[in-house]
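Spelled out, the chains give:
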Amino acid sequence: MALALSSLIALLVAVSFPFVSFSVSGIGNRIELSQTATTLIAFHQPIVAIAVIMTIVVLPAIYLIGVIWLQFGLLRGHPMPFSRDIARSLARLNPWMMADVFIVGALVSLIKIAGMAQIELGISFWAFSVFAILLLLTTQSIDSDWMWFSLEKEPLAPEGTRTGTTAASQGITGCPTCGLINRLPEPGKGRCLRCHEKLHPRLPHSLQRTWALLFAAAVMYIPANVYPIMTTTSLGHSSPSTIIGGVVQLMQMGSWPVAAVIFVASVIVPVGKLVALIWLCMVIKHSNELNAQSRTRLYRLTEFIGRWSMVDVFVVAILVALIRAGSLMSITPGPAALAFAAVVVLTMLAAMTFDPRLIWDTPPPSSTRRKTATKETVDG
């Protein structure tokens, strides 16, 4: 409760004061946090603007208000209305809150222009940095097991549940939201007894949806790298810059650490995530208990790192809003900004639709499959 309240106060301060300002040759500009999104709308990038403001302000604020509402009821011993629905939504909001990624993007932006203009950090910058840390501590402080036990207690596992045996073979499943073990009805799906989350022995059409999202992400990755992600105008001369071009430019400026961050976040992570998920989808039918654990770790790593690719999108949002000095110096977003943001979102959705339980579905031995096929042929 204390961390959530502190985070919300820090966020209110961050959106109420100037974020950062720059000046060059007597001309300057000062922006607030919200302008990193609203400026993109003026350049006909409303989808990217919505993605920016939702991930750094709106969704974190909703999350913190939900935590405060939920914890207030639990602390007084009487849960507030809609507490169960709010508790279910917290886990869904967590991957889409990117305040920490935005801070990294802000630091990269400031380093890129530090040699060209004088930079001054506002109260909002420091408040948002504190907010990012407090938000991380808030998410880490929530004990999901204790929260659900306090809300709805913990019903006993279904009668006859055996340890050391897979859940699928017993007709039971663990709830993906609250973790409660439930027995599935005959059709193979139902709802959790505690949180009312939908239950499936395996996510319906998991591989098909993952393949579709991966294909869409791969298609969008082409224009994300071919077209310029932003165009810099200096003294009337315009210079478009692609993602790779920006990395090369940072290396030429001597900013090797920043270039490495952008290269990893914008090239290595998206490509690695696409390759990892495609590989998991292809080998999933050949999994066994010997390699299932390592493949599950690969999936969890892939799911975790995907959000950090938004660094480049945030860099563009900050620079476009800040560097607005006409023909002297200005930055405009390029078409690759939308394409790259789509790649990030699509790969995150692909990781979410992939059901890692499929990795543990060991196929029967080939001899068993041949006997089954022979029996079906004879019966037919």
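Draft legend 1. Highlighting the overall build of the protein chain. Counting its regular elements, the protein chain contains 15 helices and 11 strands. Expressed as lengths along the three principal axes of its C-alpha atoms, the size of the protein chain is roughly 85 × 55 × 30 Å. Of the roughly 19,400 Å² of accessible surface on the protein chain, 66% is carried by carbon and sulfur atoms.

Draft legend 2. Representation of the side chain of T39 in the model. Following the sequence through the fold, T39 ends up in helix α2 (residues 35-42). The class for T39 is buried, based on a relative accessible area of 4%. With residues near it in sequence (within four places) discarded, T39 still touches V320, A321 and R324.

Draft legend 3. Quick look at the pairing of strand β11 (residues 329-333). Of all the 5 residues making up β11, 4 are buried; the element is thus mostly covered by neighbouring parts of the structure. Direction of pairing for strand β8 (residues 230-234) relative to β11: antiparallel, over a ladder of 5 bridges. Each residue of the ladder has a partner; that of M230, found in β11, is P333.

Draft legend 4. Layout of helix α10 (residues 243-252). Taken together, the buried positions of α10 are I243, G246, V247 and L250. The buried residues of α10 all sit within an arc of 100° when viewed along its axis, so they share a single face. For α10, the secondary structure elements touched by its buried residues are α5 (99-113), α9 (206-226), β9 (237-241), α11 (256-283), α13 (311-322) and α14 (336-353). Taken from the residues just after α10, G254 is the one with a positive phi, measuring 90°.

Draft legend 5. How the structure looks around the sheet that holds strand β3 (residues 118-121). With respect to topology, 3 strands assemble into an open sheet ordered β2-β1-β3, the strand pairing being antiparallel. Of all strands in the sheet, those with a lone pairing partner are β2 (27-32) and β3, marking the two edges. Neighbour-to-neighbour, the strand axes of this sheet turn through a mean angle of 15°, independent of strand direction. Helix α6 (residues 123-141) contacts β1 (18-24) and β3 of the sheet and is inclined by roughly 135° relative to β1.

Draft legend 6. Molecular detail of the nonpolar core. With 94 residues, the main nonpolar core has V52 and F128 as its most contacted residues. The contact partners of V52, leaving out residues within four places of it in the chain, are T36, A37, L40, V313, F314 and A317. Membership of the second largest hydrophobic core comes to 17 residues, among which are I284, A292, F354 and I359.

Draft legend 7. Representation of the packing of aromatic side chains in the model. Considering all chains together, one arrives at 7 aromatic pairs under this definition. Measuring from ring centre to ring centre gives 5.4 Å for Y299 and F354, while their planes differ by 40°; the resulting arrangement is tilted. Here F354 lies in the loop between α14 and α15 (366-379) and Y299 lies in helix α12 (residues 289-305), a separation of 55 residues in the sequence. We note R307 situated over the ring of W308; from NZ or CZ to the ring centre the distance is 5.7 Å.

Draft legend 8. Spotlight on the side chain of S309. Its location among the elements puts S309 in the loop between α12 and α13. A polar side-chain atom of S309 sits 3.0 Å from the main-chain carbonyl oxygen of A265. S309 has contacts with A265, V269, P270, F340 and V344, leaving out every residue within four places of it along the chain.

Scoring rules and cut-offs
- Residues numbered from 1 in each chain as written.
- Predicted model: local features only at pLDDT ≥ 70, side-chain atom pairs only at ≥ 80, totals over all residues.
- Heavy atoms only, no water.
- Helix = DSSP H or I, 4+ residues; strand = E, 2+ residues; numbered from the N terminus.
- Areas by Shrake-Rupley, 256 points an atom, 1.4 Å probe, with all protein chains shown as cover.
- Buried < 20%, exposed > 50% of the residue type's maximum accessible area, 1.4 Å probe, protein only.
- Contact = heavy atoms within 4.5 Å.
- Pairing = 2+ DSSP bridges.
- Arc of directions from axis to C-beta.
- Axes fitted to C-alpha atoms, helices over the stretch in contact; angles between N-to-C directions.
- Core = buried A, V, L, I, M, F, W, Y, C linked by side-chain atoms within 4.5 Å.
- Phe/Tyr/Trp six-rings, centres within 6.5 Å; stacked < 30°, edge-to-face > 60°.
- Lys NZ or Arg CZ within 6 Å of the ring centre and 35° of its normal.
- Polar contact = N/O pair within 3.5 Å; in protein donor to acceptor, adjacent residues only side chain to side chain.

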